[in-house]
Amino acid sequence: MSIDFDVAKQNLLKLKEEYETRIDKIEDHIQHPQDDLNEHWDDQAISYRQNDMRKNLMAEARQSLVYVENALSRIENGTYGECEVCGEPIEEKRLEALPYATLCMDHAV
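Fair warning: this is a prediction, and the values are worked out from it, not measured in the lab. (Residues numbered from 1 in each chain as written. Predicted model: local features only at pLDDT ≥ 70, side-chain atom pairs only at ≥ 80, totals over all residues. Heavy atoms only, no water.)

A. Spotlight on the nonpolar core. Core analysis: the biggest nonpolar cluster contains 21 residues, and L12, Y19, V68, Y80, L95 and Y100 have the highest contact counts within it. Going through the elements one at a time, α1 (5-31) and α2 (41-77) are the ones with two or more residues in this core. By residue number, the principal contributor to this core is α2, which donates seven residues. In this structure, V68 is in contact with L12, L15, K16, Y19 and Y100, ignoring residues within four places of it in sequence. (Core = buried A, V, L, I, M, F, W, Y, C linked by side-chain atoms within 4.5 Å. Buried < 20%, exposed > 50% of the residue type's maximum accessible area, 1.4 Å probe, protein only. Helix = DSSP H or I, 4+ residues; strand = E, 2+ residues; numbered from the N terminus. Contact = heavy atoms within 4.5 Å.)

Shown next, in the form of structure tokens:
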């Protein structure tokens, strides 16, 4: 297997920036709602539902950011691309699809 660690790192850094931007935008929407909640009960219910959805999306983005940061740490310590269970190389196609993968296909199932 021939992982280009520089390319992997650049891709992970782009992904990190993407997640950080997404988190910032969601936090801004939650803190500064564009809906006027004082108008109607129906509008308030919709707004609360949207905030719940935003909070779920933010939690997902934060978790993905942790995965990306962990992958960047694995690049730095030389363990990127190794399965955490068996120590064998993670398939290149798997890393292309999921750059922060920690398990080979055999152990991911």
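B. Just the pattern of salt bridges, in detail. The final tally for this structure, using the stated rule, is three salt bridges. Residues K9 and E76 are paired through a salt bridge, measuring 2.9 Å at the closest nitrogen-oxygen approach. Taken as a pair, K9 in helix α1 and E76 in helix α2 lie far apart in primary sequence, 67 residues in all. The residue R62 makes a salt bridge to E27 at a minimum N-O spacing of 2.4 Å. Here the residue R62 occupies a position in helix α2, and E27 occupies one in helix α1, the gap between them amounting to 35 residues. Given a relative accessible area of 39%, R62 falls into the partly exposed group. (Salt bridge = Lys/Arg side-chain N within 4 Å of Asp/Glu carboxyl O.)

C. Structural context of the side chain of R94. Mapped onto the elements of the fold, R94 is located in helix α3 (residues 92-97). Buried and unpaired, R94 has no salt bridge, with E91 as the nearest side chain of opposite charge at 5.0 Å. Residues within four places of R94 in sequence aside, it is in contact with A101, L103, C104, M105 and A108. (Lys, Arg positive; Asp, Glu negative; His and termini not counted.)

D. Representation of the packing of aromatic side chains. Within this structure, the stated rule accounts for two aromatic pairs. With a centroid separation of 6.3 Å and 70 degrees between ring planes, the pair formed by F5 and Y80 is classed as edge-to-face. Taken as a pair, F5 in helix α1 and Y80 in the loop between α2 and α3 lie far apart in primary sequence, 75 residues in all. On the basis of relative accessible area, Y80 is assigned to the buried category, the value being 4%. Ring centres 5.4 Å apart and planes at 25 degrees place the aromatic pair Y67 and Y100 in the stacked group. Taken together, the positions of Y67 in helix α2 and Y100 in the loop between α3 and α4 (105-108) put the pair 33 residues apart, joining distant regions of the chain. Assessed through its relative accessible area of 39%, Y67 is described here as partly exposed. (Phe/Tyr/Trp six-rings, centres within 6.5 Å; stacked < 30°, edge-to-face > 60°.)

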